[in-house]
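Analysis of the macromolecular model
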Amino acid sequence: MTELERRYRWLLRAYPRAYRQYRADEMLETLLATAGERRLNLREAVALVVGGLRARTGVDRLGSRSALGYSALRLSALSLLVYGLTQRAGGPIGVLVTMLSEGPYNPGAWWFIVIPALLTIALFAAAWGSYRLAFAAAILTVAAQHLSANGWDLSFWFSSVYDLQDAMLPQFWPALLASLALLPLLRAPRTPVTKPWTWPVLGALAVVALAPSPINGWSDAPLMSLCAFAALAVITAPVDARMPIVASVLLLAPALAQATYLLCSKQAGWPLDISITAILILAAVMVITLAAGTIAGRRQARM
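The text that follows walks through the structure, step by step, so that each part is easy to find. Everything numeric here is computed off the predicted structure, so don't read it as measured data.

Regarding its fold elements, the protein presents 13 helices and zero strands. The long-range fraction of contacts in the protein, counting pairs at least 24 apart against all pairs at least 6 apart in sequence, stands at 73%. Total accessible area computed for the protein in this model is approximately 17200 Å², and 65% of it derives from carbon and sulfur atoms.

All told, the structure shown has one salt bridge when counted by the stated rule. Between Arg-242 and Asp-240 there is a salt bridge whose closest N-O contact spans 2.8 Å. The burial state of Arg-242 is the same as that of Asp-240; both residues are buried.

So, about the packing of aromatic side chains. Tallied over the entire structure, the rule returns five aromatic pairs. Between the aromatic rings of Phe-124 and Trp-128, the centroid separation amounts to 6.0 Å while the plane-to-plane angle is 10°, which identifies the pairing as stacked. When its relative accessible area of 35% is taken as the criterion, Trp-128 is described as partly exposed. Pairing Phe-172 with Trp-173 gives two aromatic rings, centres 5.1 Å apart and planes at 85°, and the pair type is edge-to-face.

Here we take up the nonpolar core. Counting 49 residues, the largest nonpolar core has Leu-81, Leu-123, Trp-173, Leu-182 and Trp-199 as the members making the most contacts within it. Taken together, the elements giving at least two residues each to this core come down to α4 (65-88), α6 (111-127), α7 (131-150), α9 (173-182), α10 (198-210), α11 (221-235), α12 (242-268) and α13 (276-301). In contact with Leu-182, not counting residues within four places along its chain, are Ala-77, Ala-126, Tyr-131, Ala-134, Phe-135 and Ala-138. Ranked by size, the runner-up nonpolar core spans twelve residues in total, among them Tyr-8, Leu-11, Leu-28 and Leu-48.

With that out of the way, let us pick up helix α1 (residues 3-11). Among all positions of α1, only Leu-4, Glu-5, Tyr-8 and Leu-11 are buried. Within α1, the buried residues cover an arc of 125° as seen down the axis, which keeps them to one side.

In this section: the side chain of Thr-260. Secondary-structure assignment places Thr-260 in helix α12. There is a polar contact of 2.6 Å between the side chain of Thr-260 and the backbone oxygen of Leu-256.

To continue, consider α10. The end-to-end C-alpha separation of α10 is 18 Å, in line with the 18 Å expected for 13 residues at 1.5 Å each. If you check which residues of α10 are buried, you get Trp-199, Pro-200, Gly-203, Ala-206 and Val-207. One side of α10 carries all its buried residues, which in axial view fall inside an arc of 125°. For α10, the exposed residues lying more than 90 degrees away from the buried face are Leu-205 and Val-208.

Turning our attention to the side chain of Glu-44. Following the sequence through the fold, Glu-44 ends up in helix α3 (residues 42-57). Look at Glu-44 and you get buried, because its relative accessible area is 14%. A polar side-chain atom of Glu-44 sits 2.9 Å from a polar atom in the side chain of Tyr-8.

Attention now moves to the environment of Gln-300. Mapping Gln-300 onto the fold places it in helix α13. Looking at Gln-300, the relative accessible area reads 7%, which means it is buried. Residues Gln-300 and Ser-64, spaced 236 residues apart in sequence, show a C-alpha to C-alpha distance of 8.6 Å. Gln-300 has contacts with Arg-54, Val-59, Ala-237, Pro-238, Val-239, Asp-240 and Ala-241, leaving out every residue within four places of it along the chain.

Moving on: a nonpolar patch on the surface. A contiguous nonpolar patch, built from Phe-124, Trp-128, Trp-197, Val-201, Leu-202 and Leu-205 and spanning about 600 Å² of accessible area, is present on the exposed surface. Sort the elements by how many residues they give to the nonpolar patch and α10 lands first, with three residues. Take Val-201: it is sitting in helix α10.

Conventions adopted
- Residues numbered from 1 in each chain as written.
- Predicted model: local features only at pLDDT ≥ 70, side-chain atom pairs only at ≥ 80, totals over all residues.
- Heavy atoms only, no water.
- Helix = DSSP H or I, 4+ residues; strand = E, 2+ residues; numbered from the N terminus.
- Contact = heavy atoms within 4.5 Å.
- Areas by Shrake-Rupley, 256 points an atom, 1.4 Å probe, with all protein chains shown as cover.
- Salt bridge = Lys/Arg side-chain N within 4 Å of Asp/Glu carboxyl O.
- Buried < 20%, exposed > 50% of the residue type's maximum accessible area, 1.4 Å probe, protein only.
- Phe/Tyr/Trp six-rings, centres within 6.5 Å; stacked < 30°, edge-to-face > 60°.
- Core = buried A, V, L, I, M, F, W, Y, C linked by side-chain atoms within 4.5 Å.
- Arc of directions from axis to C-beta.
- Polar contact = N/O pair within 3.5 Å; in protein donor to acceptor, adjacent residues only side chain to side chain.
- Expected span 1.5 Å × (residues − 1).
- Patch = residues over 30% accessible without salt bridge, like charges linked within 9 Å, V, L, I, M, F, W, Y side chains within 5 Å.

In structure tokens form, the structure reads like this:
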């Protein structure tokens, strides 16, 4: 085995095992035939690694822009539901910690359990490809959020002031945006769902690590994690175009909450406690991630 062949074999390990079993020999033969006497260059090595990572993410099997778009919507809906759980899990965790430390506790209202439960149902249903159930659970979550904020007085549905005050909360937007992402999937072609348990496990880990609670003492961890994910998504756009699209959709939740706060403050004449610069920076990050995803998506759909 020559040194060049050894390096090629090492780089081909970036591809999944099943992929290598069927195509590694063919790819190695082609690479050695085209290489000739020259050495392995950096551009060729990067191309092999990126191709292997694309195969691992499954984006190489999305042969059209519509399939790529549907897959990005599915990932966006799942990510929004996980993000919504991190926003809403603090209540149940806090009550559980109180009950374990101080004994029986009467919260007075049970919305703090109903809303996370509906989000969990939506997450499991979307992970298994049951988009109708996931959409219904997401819509019920939005209704439960309104009822928890305004009680059973249905007049708030026709009052823009109540709606704006409810929409000022970052916790309001993930379920609504997830339902909008799930809507086109109701009539999308059904595709086999692989590893459906991945998203519930990721959701549980995200809740434990990021949900503001007495356990970890976090306050703005979900927002900080979103910004970090957006930066990572732009970097990894050549590997998987769906990641920056998902990041830009996720960033809509805090952006819409901030915009609603500004609108409500303007209508009520309240003093602004937030800098316009922060909103502009958030909007710029969203535009950059969405542009990166769109450009990378066009290129990957042509491959």
